[in-house]
Amino acid sequence: MIKKLIPFVLVFAILGCEGPTENIDTINDQGKAVMGLDYRDFDRAASTMVQSLIGSGALKKEGGKYVVATGRIVNDTMQRIDTDQLMAKVEKELMDSGLVVMTSSVTGGTSSRDSMLYDVRDIRDSKQGEEFKQDTLQAKGQLIAPELSISGKILQRNVRYENNRQQVEYYFQLQLTNLTNGLRSWQNETIIGKRGSDKLVPW
Amino acid sequence: MRFALYTMLFVITLATLASLGLCGCNAPPERGVMLQEGVASDSLASNIVTKPVIHAFSGLIGEGIEIDRAITRVNPDGFMTLEVAGHNRSFDNRVFEYKVEWLDKDGSVIDTTTSKWLQTSAAGKSPFVIKAVAPRTAAVDFRMNTRMVPK
């Protein structure tokens, strides 16, 4: 009888040993580092990049603000990263700085582009457009083209450190390009390095 | 008994001299070049015989990071820049995190995603610098906090 009960006891013991779920204190997180990229790494990279960009003076435009588009951010890591996770923070800070205006009409990715911009224009140019008050439809030639573009890459390099440890290096690279003349006016790279057991998978 | 007492007094004297900087360890030469242990000639703090005592005493009295100055400027674009200079009094490298928060003219904290815990380090017995740029022109003051790196 006791032998038959042992598996049930083990199952209940294992279930009972699971730690409670808790919310992460994202403001003063004291949690351990992980081999992959977590929100703290994106925060650090974004913070460093924004400070570098604002401090460089490349966004200063006499008598106005630059219109900036987010270009292609390549994810060259083993992780399934939504690069907008990084760029959303950068875009917000750049807009709040008062130096630039971001555009949703032209982007390298898809999520920061607002498809409604073109949906309403498709409606205007279609038979459906006749259903709308014509003076409420968007006129042609209203969109403003971007003047600058921020693009970049997130790279990952795995290095064997010691017999049972590995080193994973993440490189965040961003550059600012003038879309009129193609010149690059700012560039920066932030490295986040991790060392840990080679049994841990960095994705 | 007396021998043990005199030995202890000698050791404490050595350690005190080292902590007072009389050992001449890492004193910056004229051109600001730092010569660390193993590079410069031996001193009391780096000598193979006295080094363990000096280092232990340093750890015992809890030498660590000290801030020398915090300089703020406004760059040509109107953004405040901060430069915090300090030095590491410990013999060991110190890795720590810092967070800079920016204050407007009313003393309110400006909400920004750049106010995050960032990691930096200071080599043993060496100076270090932390630089930051405010993300808003409304920033006129700052406050900075530090913490040990979570383990």
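Here's what I pulled together on the structure shown here.

### Overview of the overall build of chain B
Within chain B, the secondary structure is distributed over 2 helices and 6 strands. Reading chain B from its N terminus to its C terminus gives the helix and strand order α-α-β-β-β-β-β-β. Among the 151 residues that make up chain B, the fraction classed as buried is 38%. Here the analysis covers contacts within chain B between residues at least 6 apart in sequence; of these, 65% occur between residues at least 24 apart. When the accessible surface of chain B is split by element, carbon and sulfur atoms take 58% of a total near 9,100 Å².

### Quick notes on the layout of surface pockets
By rolling a water-sized probe across the atoms, one finds the places where empty space is left. Size it by volume and the largest pocket reaches roughly 1,200 Å³. Forming the walls of the largest pocket are 40 residues, and the residues nearest its centre are Val95(B), Glu97(B), Gln119(B), Thr120(B) and Val149(B). Counting only elements with at least two residues in the lining of the largest pocket, the list comes to helix 2 (39–56) and strand 5 (184–197) of chain A together with strand 1 (65–74), strand 3 (94–103), strand 4 (118–122), strand 5 (127–133) and strand 6 (141–148) of chain B. Tallied by class, the residues present in the lining of the largest pocket amount to 16 nonpolar, 10 polar and 14 charged.

### Comments concerning helix 2 of chain A
Under the 1.5 Å per step criterion, the end-to-end length of helix 2 of chain A is 26 Å for 18 residues, consistent within 8% with the ideal 26 Å. Just past helix 2 of chain A, the residue Gly57(A) takes up positive phi, approximately 80°.

### Some thoughts on the side chain of Ser105(A)
All names here are of chain A. Its location among the elements puts Ser-105 in the loop between strand 2 (100–102) and helix 4 (116–124). Polar side-chain contacts of Ser-105 include one of 2.8 Å to the side chain of Thr-103. In this structure, Ser-105 is in contact with Arg-113, Leu-117, Tyr-118, Leu-143 and Ile-144, ignoring residues within four places of it in sequence.

### Observations regarding the interface of chain A and chain B
With 21 residues of chain A at the interface, the matching set in chain B holds 21 residues. Both faces combined, the contact of chain A with chain B buries some 1,800 Å², and carbon together with sulfur accounts for 49% of it. Area buried by chain A at its contact with chain B is led by Arg44(A), Gln51(A) and Glu93(A), which between them contribute 30% of it. Ionic pairing is found between Asp96(A) and Arg136(B), a salt bridge with its closest N-O pair at 3.4 Å. At the junction of chain A and chain B, the tally comes to 11 residue pairs in polar contact (both at pLDDT 80 or more).

Rules behind the numbers
Residues numbered from 1 in each chain as written. Chains lettered and ligands numbered in written order. Predicted model: local features only at pLDDT ≥ 70, side-chain atom pairs only at ≥ 80, totals over all residues. Heavy atoms only, no water. Helix = DSSP H or I, 4+ residues; strand = E, 2+ residues; numbered from the N terminus. Buried < 20%, exposed > 50% of the residue type's maximum accessible area, 1.4 Å probe, protein only. Contact = heavy atoms within 4.5 Å. Areas by Shrake-Rupley, 256 points an atom, 1.4 Å probe, with all protein chains shown as cover. 1 Å grid on protein atoms, 1.4 Å probe; cavity = no way out; pocket = protein on both sides within 12 Å on 5 of 7 lines; lining within 4 Å. Points joined across faces, edges and corners; volume = space filled by probe spheres on them. Nonpolar A, V, L, I, M, F, W, Y, C, P; charged D, E, K, R; others polar. Expected span 1.5 Å × (residues − 1). Polar contact = N/O pair within 3.5 Å; in protein donor to acceptor, adjacent residues only side chain to side chain. Buried area = accessible area lost by both parts, 1.4 Å probe. Salt bridge = Lys/Arg side-chain N within 4 Å of Asp/Glu carboxyl O.

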